[in-house]
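# Report on the structure
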Amino acid sequence: MSFPQEHQRTILNTDNDVDEASSIKQEEEKKSIKPTTKASDLSDTSRSIHIVTTASLPWLTGTAVNPLLRALYFQKSRTGNGKVTLVIPWVVKEKERLEVYPEYEFANGKTGRKQQEELIRKWIVEKAGMGQQSNKLRIQFYPATYQKKLGSILTLVDICSLIPDQEADVAILEEPEHLNWFSMPLYSQKNERRDDFIPSNDIGWTAKFQHVVGIIHTNYPAYARAGVMRGSRTIASRTIHALSKLVCRSYCHKIIKLSDTLPVFADYKECVCNVHGVRSDFIQEDHDDVDDTETTDENHNVTSTQQGKKDGTSFYFIGKILWAKGFQYLLDCEEKFRESTGEYFPIDIFGGGPDLEQVKRAFFGVRSMSIVEREKDHNSVCEDGSNVQENGNISENGTCTTGNDEDGDGYDDDDDDDANGTNAVKSVLNSQENETSSVGEIHDEDRHESKVESAYFQLSQIMLKYMPFLEDEMKYEENESSSSTSSTDKLSTLQTLKDGLHLVKSFQKETLLKKMPKNKYEWRKTPVPARFLGPKDHAALKCSAYKVFVNPSVTEVLCTTSAEALAMGMFVIMPKHPSNEFFYQFPNCLTYETMDEFVKKIKYAIDHDPLPLTKELKYMFTWEAAMERLIQAAAITDAEWDLLERTGKTQRDKRKAWIHKESRKMFKGDILKSIIGDLPKEDLKDYEIDGNGDGREQQLLNFDNNSPIILAFLSLLIAILSYFAQR
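Residues numbered from 1 in each chain as written. Predicted model: local features only at pLDDT ≥ 70, side-chain atom pairs only at ≥ 80, totals over all residues. Heavy atoms only, no water.

It is worth spelling out the sheet that holds strand β16 (residues 571-575) at this point. Strand order in this open sheet of six strands is β14-β10-β9-β15-β16-β17, and the pairing throughout is parallel. Of all the strands in the sheet, just β14 (530-534) and β17 (589-592) have a single pairing partner and so form its edges. Along the sheet, successive strands turn relative to each other by an average axial angle of 25°, direction set aside. Here three bridges tie strand β15 (residues 548-550) to β16, and the two strands are oriented parallel to one another. Its bridge partner lying in β16, valine 548 is registered against phenylalanine 571. The strands touched by helix α20 (residues 560-567) within the sheet are β9 (315-318), β15, β16 and β17, with β16 carrying the most contacts at an inclination of about 150°. (Pairing = 2+ DSSP bridges. Helix = DSSP H or I, 4+ residues; strand = E, 2+ residues; numbered from the N terminus. Axes fitted to C-alpha atoms, helices over the stretch in contact; angles between N-to-C directions. Contact = heavy atoms within 4.5 Å.)

Below you can see the structure in the form of structure tokens.
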């Protein structure tokens, strides 16, 4: 039996071979290690580390969860006086907090920050299982605002100025560009007030910390191209990229990109490395280890029926329901698979999002969705969750079947020949010729009207069959008509046309437009067998019988759900894309470039079971392995640092930081207030950790800049000239 190239892997036969290979690998790594600068050596467990991020729990986003877990694993390895501090945003406005955390109502001020901190520590204990590290981890907040239009949290203060000078050692900036786009007001840690004009030697992170590492999570220039108005999206993308390059070069000693799908920020001090891990509850259990005495083929030659779901659904997707996640490509691949096999492959979809209803309509088609909606209104719900009616049912996967549906396509088999409507129209015309009266003698004029009425009636039935959403709009009119007109009354042709015109006018335009098909997928006759099961913790699927995670998305920088599925020992079908390169090394990663290859991978996954992960492969998913990769990627060798110094790039980056800092003085407070709104009265000394600000003079959050504009301009000009005048 042949296997895809990804599965042609050799497994070492004995434990001795594994130990020998490991020792050889360690010796080779030692030889390849070059001396690193003392400042960039993160392997020293006595160093203090500040991890600064742009989001926080209970917002379950990657920039909230991954930095938290990174901080916990740094804390786990600390010795001596080494401390780990997680610096996270506190959304100061209550209205904005409810937009970010709709299910949580935190109080204002210190009380609310304490509530959020308790929630975070509870999550650490219950989800991460690291209660001991939770007790030692320090959490510091900074004031922030949530901008709904951007979908992001922005700082309201210079975060670097909030951190005590004596604790500044190593800083890891999660999304350094996001943290530093805007040069915000500084916080004075002393009783003396800062002068708004006299230039300061404080040029930010690289001047204060011994080593600053920036980890790039998000492709903001790509988001700008996709989300901004068509006429300006290219300009917006280039502007954001230029600003991101400026601040990353200014405030980072080393830049780590999670994948090569990100643009270049500073080619002389950046690298590509996956420094994320997955929680231990995702990783396949030890009893599933590969028996080293067996070969790959023997372990993999298993039919899918032994581990497949009882209902035949082994495929799933989990994530936010957005068209950008690749659902259009998935639907096209479903059609390609049907061309090859004669049927769609079933899939369960977990998650929610703004495009949920549109994606449902695309999978089921408008006709099936209308039937489902009517059944929800008129039929009871069974205990197993399926809606049932007297002559048919709505199945669990959302498709509609009736009493005459033998092939399960969701429609009566008696009507299959009417797919294009031709036979139905012919039957109407034939009925006009063969129609006879059963009561008395009918005049020629009445007979003509009767035929016309019959034709209109049958044509209307055809319309309702292919556009069932019209039926809801007609119910009210039918009830009104039946209450005022007896069944024996006959309407003239003119009256019929008038009533039809009145019916069209009475349609609610918004409702009608909402139910009309909006793309080619919504016209489908046969629904795709998909079930939309709502949000779910991915770890809960570990013990299920799902075995294939289908992820057609190419919008992520590094897809966490793909890593989790591979760690659980599942097949993951994903496109060949720079964002997925890290996953190519795993045997259960099935990649494709074309739809034909996608279909082949689906067929292969149906006929086979995933390979159990070896200990070495499982370790690569752990946070311990991710921390090793981070330490290696963050290091700067002595030779690299000497080259940066000799070429003047280090000094040039400092001048860029100076320019960025001075640019703050050009913005008056009313400009920032127009973007952010009125500021609440926040005392910045309350944001110092361990109560270091107690007993000091109050320092309110303030955007006002009292410097004369001409002096601010001269200050910025000096900084710019110094950049071009340097040697």
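Let us keep going from here.
As a further point, take the sheet that holds strand β6 (residues 211-216). The eight strands lie next to each other as β4-β3-β2-β1-β5-β6-β7-β8, forming an open sheet whose pairing is mixed. Edge strands, defined here as strands with exactly one partner in the open sheet, are β4 (152-155) and β8 (270-272). Sheet twist, expressed as the average angle between the axes of neighbouring strands with direction ignored, equals 30°. Pairing analysis gives four bridges linking strand β1 (residues 49-52) to strand β5 (residues 170-174), with the strands arranged parallel. Paired with histidine 50 across the two strands is alanine 171, which belongs to β5. Packed on one face of the sheet, helix α2 (residues 62-76) meets β1, β2 (84-91), β5 and β6 and runs near 155° to β2.

The end-to-end C-alpha separation of α2 is 21 Å, in line with the 21 Å expected for 15 residues at 1.5 Å each. Most of α2 sits inside the fold, with 13 of its 15 residues counted as buried. (Expected span 1.5 Å × (residues − 1). Buried < 20%, exposed > 50% of the residue type's maximum accessible area, 1.4 Å probe, protein only.)

Here strand β7 (residues 254-257) shows no split at all, with Lys254 and Ile256 on one side and Ile255 and Lys257 on the other all buried. Here four bridges tie β6 to β7, and the two strands are oriented parallel to one another. From the neighbouring strand, isoleucine 216 faces β7, where its bridge partner is lysine 257. Strand direction decides the pairing type here: β7 and β8, joined by three bridges, are parallel. In the strand pairing of β8, lysine 257 is matched with valine 272.

Counting all residues, the mean pLDDT for the chain is 75, and 61% of those residues have values of 70 or more. Within the chain, β1 carries the highest mean pLDDT (98), whereas strand β12 (residues 392-394) carries the lowest (34). Low confidence marks residues 1-19, where pLDDT is under 50. Its contacts with residues over four positions away, or in another chain, come to 41 contacts. (pLDDT = per-residue confidence, 0-100.)

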